[in-house]
Amino acid sequence: MLSSFFSVPLLKPKQPKGSLVTKLIHNGRTEHEGLENSTILETKVETFEAQLDSFEKGLEGGFRSLIRSRSLLLNVFSY
């Protein structure tokens with residue numbers, strides 16, 4: 001799960017507007033392909049957010065367990 005996080009670049013360097021337009025015209029891309037790419041990117045972002053949420057819940061459970069263990073040990077040593 002973490003390897004997918006590190007393997008996907010979060011931000012791409014910005015390109016000058018002229019070169020992007022030239023690239024789009026040169027490659028013959030259509031607006032429809034751009035929308036497909038946008039939809040794919042949106043799906044990847046949603047998947048990434050779900051993975052982060054799952055990871056966060058796992059960490060939260062681990063920390064709660066550590067706090068319970070600490071509390072138990074403090075109670076044992078205080079008697």
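Here the structure is a predicted model, which means the values were calculated and not measured. Residue positions are given per chain, counting from 1 as you read along its sequence in written order. Per-residue local features of the predicted model are confined to residues with pLDDT of at least 70, and side-chain atom pairs are confined, for both listing and counting, to 80 or more; whole-chain, interface and lining totals are unaffected and use all residues. Only hydrogens and water are set aside; all other atoms, that is, all heavy atoms of the structure, feed into the side-chain values.

Q: How would you summarise the overall build of the chain if you had to cite specific residues and measurements?
A: The helix and strand labels rest on DSSP assignments: H or I over at least four residues marks a helix, E over at least two residues marks a strand, and numbering proceeds from the N terminus. Of the regular secondary structure elements, the chain holds three helices and zero strands. Helices (α) and strands (β) of the chain occur, in sequence order from the N terminus, as α-α-α. Exposure is judged per residue with a 1.4 Å probe applied to protein chains only, and the accessible area is read against the type maximum: over 50% gives exposed, under 20% gives buried, and values in between give partly exposed. Across the 79 residues that make up the chain, the buried fraction comes to 0%.

Q: Describe in detail the pattern of salt bridges, supporting the description with residues and values.
A: In what follows, salt bridge is the name for a side-chain nitrogen of Lys or Arg lying within 4 Å of a carboxyl oxygen of Asp or Glu. Inspection of the entire model under this criterion finds two salt bridges. The shortest N-O distance in the salt bridge between Asp-53 and Lys-57 comes to 3.6 Å. With Asp-53 and Lys-57 both in helix α3 (residues 31-78), this residue pair falls four residues apart, about one helical turn.

Q: So what's going on with a nonpolar patch on the surface? Which residues, and what values?
A: Put simply, a patch holds well-exposed residues, over 30% relative accessible area, that have no salt bridge, with like charges counted together within 9 Å and Val, Leu, Ile, Met, Phe, Trp or Tyr side chains within 5 Å. The accessible surface values rely on the Shrake-Rupley method and a 1.4 Å probe; as for residues, cover is taken only from the protein chains in view. Together, Phe-55, Leu-59, Phe-63 and Leu-66 make up an exposed nonpolar region whose accessible area comes to about 390 Å². Note on placement: Phe-55 falls in helix α3. Residue class for Phe-55 comes out partly exposed when judged on its relative accessible area of 32%.

Q: So what's going on with the confidence of the model for the chain? Residues and values would help.
A: Confidence of the predictor at the level of single residues is captured by pLDDT, which takes values from 0 to 100. This prediction gives the chain a mean pLDDT of 78; 58% of its residues lie at or above 70. Per-element mean pLDDT across the chain ranges from 56 in helix α1 (residues 2-7) up to 91 in α3.

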